[in-house]
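In case you want the letters, here they are:
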Amino acid sequence: MSEKVIIATRESRLALWQAEHVKALLEQRLQLQVSLLGMTTRGDQILDRSLSKVGGKGLFVKELETALEEGRAHLAVHSLKDVPMELPDGFELVAILEREDPRDAFVSNLYANLAELPQGAVVGTSSLRRVVQLKAMRPDLQIEPLRGNLDTRLRKLDEGGYAAIVLAAAGLKRLGLEARIRCCFSVEEMIPCAGQGALGLEVRADAAAFKASLSGLIDTPTWLATQAERAVSRSLGGSCSMPLAAHAHWVGAELHLAVALGDAQQTERPLLKASVRASVQTVAQALNFGEQAAQALRDLGAQSYLPQT
C-alpha cells in the first residue's frame, strides 16, 4: 500500500501500546506510513456487568470493525483472546504475532501466592475460565467480579476491595508492570484461554494487496498454536459465557494442547481436562488438532457442561 495506513485501536493504555507496537513493525519492516485511530468500544463502556451478560467479547471489536468497513481505518489490532471465534462476513484475521507470556498472574499487595490467601479470601476476576480453575484449587475462596482496563483493576486492588486479583501476565509485562506480579500460575495449574498473550491483526477480506503484505508479520509457531486453540473453542461453541481453557505449546516439532472445561452455572463441578499432542505443520492440521481436543472433552462428558440451547 502506498497510502498511509490507519490502525483502529481501543484507547486503553494496553491497547494503545499494542497498536504502537504494530505501527512500529509496519514502519520498520514494510516501510509504511502509519497513524492510529483511537476508539472507545461498548466493552470499554459497560463495566457494571460481566461480558457474558451483555454480549460477549465481540463488544471489544465491533466499533473497530465498523471503522474498517467504512474505510476510516485499514487495520485493527486486537488482543487475540478478545476476538470472537467467528468473524463477521467481510473481515479476516490475517496475522498473529509472536506470543508474549501466556500465563495468568497472581497479583496481591499482601500475599505471595494462592496458597497464602486466608480461608474465604476475596479474589477478583470476571473470567469464568479463571473462576472455575481457582475454585478447583481453592473451593473456599470468594470470587468477585472485576471489570475495567488494567489500570482500573489494579486501582481496585489497591483500594482494598480484594485480597488478590488474577490478570494476564502479558498485559502487565507489556506495560512495564511486571513488578506487580507476585507469581505466575503454571500453564498446568491454570490453563490459559485460547490466544492469550498473542496479538491478532484484522482487515477487510477484500484488501488483497494489504493482506499479502501483512502475511510477512505472521509468527508461524504462534499462528499454528493459536489456530488449534481457537478451533477447540469454535468446535464447542465457545464464548465468554463458557469456562473453557485451551493452550498449545511446542515441544520440539510437536504441538501439545491442553484443554479444560468447567460448568458456568455450577462452578463447583469437577473440571474436565484433556491433552493431546501431534506433529502440526499446516493450518489445516492445526484446526483438525483442535477438533481432536474438543472431542476429547466430549468423550469426558462435556455435553452436560455446555449451555443448553
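Calculation notes
Residues numbered from 1 in each chain as written. Predicted model: local features only at pLDDT ≥ 70, side-chain atom pairs only at ≥ 80, totals over all residues. Heavy atoms only, no water. Pairing = 2+ DSSP bridges. Helix = DSSP H or I, 4+ residues; strand = E, 2+ residues; numbered from the N terminus. Right-handed = clockwise from strand over helix to strand, strands pointing away. Salt bridge = Lys/Arg side-chain N within 4 Å of Asp/Glu carboxyl O. Axes fitted to C-alpha atoms, helices over the stretch in contact; angles between N-to-C directions. Contact = heavy atoms within 4.5 Å. pLDDT = per-residue confidence, 0-100.

Participant: Teacher, can you tell me more about the pairing of strand β2 (residues 34–39) here?
Facilitator: Successive residues of a regular strand alternate their side chains across the two faces of the sheet. Here strand β1 (residues 5–10) pairs with β2 via six bridges, running parallel. Across the sheet, the residue bridging to Ile6 is Ser35, located in β2. Following the backbone out of β1, through helix α1 (residues 13–30) and into the adjacent parallel β2, one traces a crossover that is right-handed.

Participant: I would appreciate a short explanation of the environment of Glu70 in the present structure.
Facilitator: If you trace the backbone, Glu70 turns up in the loop between α4 (62–69) and β3 (75–79). Sequence separation between Glu70 and Arg174 is 104 residues, and the spatial gap between their C-alpha atoms is 31 Å.

Participant: Would you take a moment to explain the pattern of salt bridges for this structure?
Facilitator: Proximity of charged atoms lets side chains of opposite charge pair with each other. By the definition in use, this model includes 18 salt bridges. Residues Lys173 and Asp101 are paired through a salt bridge, measuring 2.7 Å at the closest nitrogen-oxygen approach. With a gap of 72 residues between them, Lys173 in helix α7 (residues 169–174) and Asp101 in the loop between β4 (91–96) and β5 (104–107) connect regions that are remote in the sequence. Salt bridges here are not isolated pairs; linked through shared partners, they connect Asp101, Arg103, Lys173 and Glu178.

Participant: Could you clarify how one ought to interpret the sheet that holds β1 in this entry?
Facilitator: The pairing of strands in a sheet comes from backbone hydrogen bonds and takes either a parallel or an antiparallel form. Reading across the sheet, the five strands line up as β2-β1-β3-β10-β4 and stay open at both edges, with mixed pairing between neighbours. A single partner strand is all that each edge strand has here, and the edge strands are β2 and β4. Going across the sheet, the axis of each strand differs from the next one's by a mean of 30°, ignoring polarity. Where β4 and strand β10 (residues 199–204) come together, five bridges link them in antiparallel fashion. For Glu92, the partnering residue across the bridge sits in β10 and is Val203. The strands touched by α1 are β1, β2, β3 and β10; relative to β1, the strand with the most contacts, the crossing angle is about 160°.

Participant: Explain the confidence of the model for the protein to me, please; I cannot follow it from the model alone.
Facilitator: Where the model shows low pLDDT, its predicted coordinates should not be examined in detail. On average, residues of the protein score 92 in pLDDT, and 92% of them reach the 70 mark or higher. In this model, residues 45–55 is a region of pLDDT below 50 whose contacts with residues beyond four sequence positions or in other chains number 16 contacts.

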